[in-house]
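# Coordinates in review
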Amino acid sequence: MTLKERFRKFLPVVVDVETAGFNSQTDALLEIACIPILLNEQGVFYPGEALNAHIEPFEGANLEPSALAFTGIDPNNPMRKAIAEDEKVALRRIFKGLKEVRKAEECRQCVLIGHNAHFDLSFLNAAVLRTNSKSHNPFHQFSVFDTVTLAALAFGQTVLARACKAAGLDFDGNDAHSALYDTQKTAELFCHILNHYPMLPNALHVQEPNETLTDSNN
């Protein structure tokens, strides 16, 4: 089975964002990282190459002090400012890279994987609207795979660090709340679950002749 067959022509992409609050409409997006999930010839899922960015707060963005204290991100740090990108530039660079992977895997759209995925998707969708990047966005607008649910099913755990520990994966709390690190760990967890929990015997792999796939069926 190929990747496009396994996920109905969706390319699964792990996404994590670090933000300056919980409101995707008003609070700044500060970091984003994306890692596509790939499938080798032996049928083993593995994380692809990461695409990530430190992002300059958009004009008028709210920077909630409690959120910054939690993530440890200082938007005014000179070292961070030296590498931070404009939101539009960063998103379109990452989207371009993901589209190349999607086309190589013959998938029609990316689907976001996240730990509490709708939080990440809400900030991603808000940033897409702010930067007029809808035509560049490879992600499905509302479908997600959530590793909180998968970890609860597989391990009885919902916290990322505890789920990784249950899976036998290293997790360094000192590196947590970095978008790139959390994305890497979430990708490892997602692959571990897929590689150890095969599809049920009655899973359907073949589309019925009269079945029509639309976004409403997703």
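Numbers given to residues run from 1 along each chain, matching the order in which its sequence is written. It should be noted that, the model being predicted, local features are given only for residues of pLDDT at least 70 and side-chain atom pairs only at 80 or more, the latter also being counted only at that level, while totals for whole chains, interfaces and linings use all residues. The basis for every side-chain value is the complete set of heavy atoms in the structure, and neither hydrogens nor water enter the calculation.

## Thoughts on the environment of Arg-130
Relative to the helices and strands, Arg-130 resides in helix H5 (residues 117–130). Along the backbone, Arg-130 and Lys-88 are 42 residues apart, and their C-alpha atoms lie at a distance of 8.3 Å. Only heavy atoms enter the contact rule, under which two residues are in contact if any of them lie within 4.5 Å. The contacts of Arg-130, once residues within four sequence positions are left out, are Ser-24, Gln-25, Leu-29, Phe-58 and Glu-87. A polar contact is formed between the side chain of Arg-130 and the side chain of Glu-87, at a distance of 2.6 Å. Comment: elements are numbered from the N terminus, with helices defined as DSSP H or I runs of at least four residues and strands as E runs of at least two. Pairs of N or O atoms within 3.5 Å make up the polar contacts considered here, provided that, within protein, one atom can donate a hydrogen while the other can accept it, and that residues adjacent in sequence are counted only when both atoms are side-chain atoms.

## As for unusual backbone geometry
Excluding glycine, residues mostly have negative phi values, and the peptide bonds linking residues are mostly trans. Its identity as a non-glycine residue notwithstanding, Lys-9 has a phi of 65°, on the positive side. By the secondary structure assignment, Lys-9 is in the loop between helix H1 (3–6) and strand S1 (10–19). Phi angles above zero are rare outside glycine, and Glu-106 is one such case at about 60°. On the secondary structure map, Glu-106 appears in the loop between helix H4 (87–104) and strand S5 (109–114).

## Some words on H5
Helices are assigned an expected span. That span is 1.5 Å times one less than the residue count. If you check H5, its first and last C-alpha atoms are 20 Å apart, about what 14 residues at 1.5 Å a residue would give, namely 20 Å. Those residues of H5 lying buried are Ala-117, Asp-120, Leu-121, Phe-123, Leu-124, Asn-125, Ala-126, Ala-127 and Val-128. One or two steps after H5, the chain reaches Asn-132, where phi turns positive at roughly 55°. Think of it in three bands: residues with accessible area under 20% of the maximum for their type are buried, residues over 50% are exposed, and the middle band is partly exposed, with areas taken using a 1.4 Å probe on protein chains only.

## Topic: the pairing of strand S6 (residues 139–146)
Each pair of strands is called paired provided DSSP finds at least two bridges between the two strands. Judged from the 4 bridges that link them, S5 and S6 form a sheet pairing that is parallel. For Cys-110, the partnering residue across the bridge sits in S6 and is Phe-139. In this fold, the crossover linking S5 to S6 by way of H5 has right-handed handedness. With the strands aimed away from the viewer, a crossover counts as right-handed if its path from the first strand over the helix to the second runs clockwise.

## So, the side chain of Glu-87
With respect to the helices and strands, the residue Glu-87 is situated in helix H4. You can call Glu-87 buried: its relative accessible area is 6%. Residues in contact with Glu-87, not counting those within four places in the same chain, are Leu-29, Ile-55, Phe-58, Ala-127, Arg-130 and Thr-131.

## Brief notes about the nonpolar core
Throughout, nonpolar core names a set of buried Ala, Val, Leu, Ile, Met, Phe, Trp, Tyr and Cys residues whose side chains join them through atoms within 4.5 Å. Ile-32 and Phe-139 are the most contacted members of the largest nonpolar core, which totals 40 residues. Elements supplying a minimum of two residues to this core: S1, strand S2 (29–39), strand S4 (51–54), H4, S5, H5 and helix H8 (179–196). In terms of residue count, S2 provides more of this core than any other element does, 7 residues in total. The residues touching Ile-32, leaving out its near neighbours within four places in the chain, are Val-15, Asp-16, Val-17, Leu-51, Asn-52, Ala-53, Ile-55, Leu-91, Ile-94, Leu-124 and Ala-179. Of all hydrophobic cores here, the second largest spans 8 residues; its members include Ala-154, Ala-163, Leu-189 and Ile-193.

## Some words on the packing of aromatic side chains
The geometry of an aromatic ring pair is captured by two quantities: the separation of the ring centres and the angle between the planes. Centres within 6.5 Å make a pair out of two Phe, Tyr or Trp rings, where for Trp the six-membered ring is used; the pair is then stacked when the planes are under 30 degrees apart, edge-to-face when over 60, and tilted otherwise. Within the structure shown, the criterion is met by 7 aromatic pairs. Ring plane angle 65° and centroid distance 6.4 Å describe the contact between Phe-95 and Phe-139, whose orientation is recorded as edge-to-face. You can see Phe-95 sitting in helix H4 and its partner Phe-139 sitting in strand S6, a full 44 residues away along the chain. For the pair shown, Phe-95 and Phe-139 are each scored as buried. Each ring, one from Phe-171 and one from Tyr-181, has its centre 5.6 Å from the other, and the planes form 65°; the classification is edge-to-face. Here Phe-171, found in the loop between helix H7 (160–166) and H8, pairs with Tyr-181, found in helix H8; they are 10 residues apart in sequence, far enough to count as distant. A relative accessible area of 14% places Tyr-181 in the buried class. Pairwise contacts between aromatic rings join Phe-7, Phe-45, Phe-145 and Phe-190 into one cluster. Any Lys NZ or Arg CZ that is within 6 Å of a ring centre and within 35 degrees of that ring's normal is treated as a charge sitting over the ring. Stacked on the ring of Phe-10, the Lys or Arg Arg-108 has its end atom at 5.0 Å from the ring centre.

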